Amino acid sequence: MRRTVFNEDHEAFRETIRAFIEAEVVPVYDEWFAAGQAPRDFYYKLGELGIFGISVPEEFGGAGMETHKFEAVLYEETARAGVQFGGSGVHVLLALPYLKMLATEEQKKRFLPKFVTGEEMWAIAMTEPGTGSDLAGMKTTAKLSEDGSHYVLNGAKTFITGGVHADKVIVCARTAAPTAEDRRHGISLFAVDTKSEGYSVGRKLDKLGLKTSDTAELAFVDVKVPVEDLLGEENKGFSYLGHNLASERWGIAFGAYAQAKAAVRFAKQYVQERTVFGKPVAHFQNTKFELAACQAEVDAAEAVADRATEALDAGELTPAEAASAKLFCTEVAHRVIDRCLQLHGGYGYMNEYPIARLYADNRVNRIYGGTSEIMKTIIAKDMGL
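Residues numbered from 1 in each chain as written. Predicted model: local features only at pLDDT ≥ 70, side-chain atom pairs only at ≥ 80, totals over all residues. Heavy atoms only, no water.

Visitor: I'd like a rundown of the overall build of the protein, residues and numbers included.
Guide: Broken down by element type, the protein carries 12 helices and 10 strands. Relative to the globule expectation of 21 Å for 385 residues, the C-alpha radius of gyration of the protein, 21 Å, shows essentially globular dimensions. Seen through its principal axes, the protein has C-alpha atoms that stretch 80 × 50 × 40 Å. By residue count, 52% of the 385 residues in the protein fall in the buried class. The contacts in the protein between residues at least 6 apart in sequence include a share of 75% that link residues at least 24 apart. Just so you have it, the protein exposes about 18,200 Å², and 53% of that area is on carbon and sulfur atoms. Taking the average location of the 43 positive side-chain charges in the protein and that of its 54 negative ones, the two points are 6 Å from each other. (Helix = DSSP H or I, 4+ residues; strand = E, 2+ residues; numbered from the N terminus. Rg over C-alpha atoms; globule rule 2.2 N^0.38 Å. Buried < 20%, exposed > 50% of the residue type's maximum accessible area, 1.4 Å probe, protein only. Contact = heavy atoms within 4.5 Å. Areas by Shrake-Rupley, 256 points an atom, 1.4 Å probe, with all protein chains shown as cover. Lys, Arg positive; Asp, Glu negative; His and termini not counted. Charge placed at Lys NZ, Arg CZ, Asp CG, Glu CD.)

What follows is the structure in structure tokens.
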């Protein structure tokens, strides 16, 4: 079936990205993988390419295009090449929506031009040790100073993707105690400068997958945050966090579909080249049946991902629909990538093959952004169950 989600502009962008990946990423990706992160100067290259400014308003240096379709192309092309763009996904997919939604005009003038160029990389710090998905249970506090000029930030965060290279971090902290009626009351969002005294980056976490994406622990000891760097209104942070979940879950869903599609590509190429018992592995009926079944699942996931993209761009993607897309696409990717790795045999277990890295990278998709079990709960509630 012919896809209709992309137009000529998107396809021209695809050609540019594919050439960029081949020239700037593939030759050095093994070095990034071994180091556990992409180099900081790589993000300047992404800025020069215009990756960070696609949906940033023109007055702040961006292209001003209100669409997620260019991000979708990025997901497909990075997966196709078996690479990641470090922690830059958080910069655009997670941090930018909060800046666009909550920042004042003065804040946008300060933050967005450097956001676009990659001069300032952003991350977002929600999760804390011991709290996991229970954001209402966070312990990090931000207390207003006596003179009202700044907040004093204390606490710790973990699993912060992009946390090593970040120049600015959107930190979720308690500015008031929860009430008996509402545990979520009292959370606020702050744009915190990582050069602030008392701010520190702890361990760079050793993850199963997404090896080139720097993920870290953060700590705050009496960090002074100017009142001018409060994002949105005080104590309303939890409602802000929920507002962007649909786009976050769309990103995970589309990325998972793209990984599944790439896995079929890697497996098809491998079985055509690999010879067993005097024949290419592709000549065996089991191989054909396995890849055919995988392709059918990828086709279905593509349709779901494309439909979710159109709905998101139209501002019509509901929380339940986003949950459904994430659940379906991530579960499809899990099955497809596992079967494609099996077709590689022992070589599929070696990190020098992209299918092995893809297998590890994909596993987190059913956890972050809300587990598959949470997605089922959201869908069931929407069904009236």
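Visitor: So, the nonpolar core: which residues are in play, and what are the values?
Guide: Within the largest apolar cluster, 110 residues are counted, with the highest numbers of intra-cluster contacts made by V25, F42, L153, I170, L189, V336 and C340. Of the residues forming this core, the biggest block, 15 residues, is contributed by helix α8 (residues 245–273). (Core = buried A, V, L, I, M, F, W, Y, C linked by side-chain atoms within 4.5 Å.)

Visitor: Go over unusual backbone geometry with me, naming the residues and quoting the values.
Guide: Unusually for a residue other than glycine, D222 sits at a positive phi of about 50 degrees. Tracing the backbone shows D222 in strand β7 (residues 215–226). Here D222 falls in the partly exposed class, since its relative accessible area comes to 48%.

Visitor: Hey, could you go over the pattern of salt bridges for me, with residue numbers and the actual values?
Guide: Counting across every chain of the model gives 28 salt bridges. For the salt bridge of E24 with K45, the shortest nitrogen-to-oxygen distance reads 3.0 Å. Taken as a pair, E24 in helix α1 (residues 8–25) and K45 in helix α3 (residues 40–49) lie far apart in primary sequence, 21 residues in all. A relative accessible area of 31% places E24 in the partly exposed class. The shortest N-O distance in the salt bridge between E128 and K157 comes to 3.0 Å. Of the two residues, E128 is situated in the loop between β1 (122–125) and β2 (141–144) and K157 in strand β3 (residues 150–161); the sequence distance between them amounts to 29 residues. Exposure class is identical for E128 and K157. Each is buried. (Salt bridge = Lys/Arg side-chain N within 4 Å of Asp/Glu carboxyl O.)

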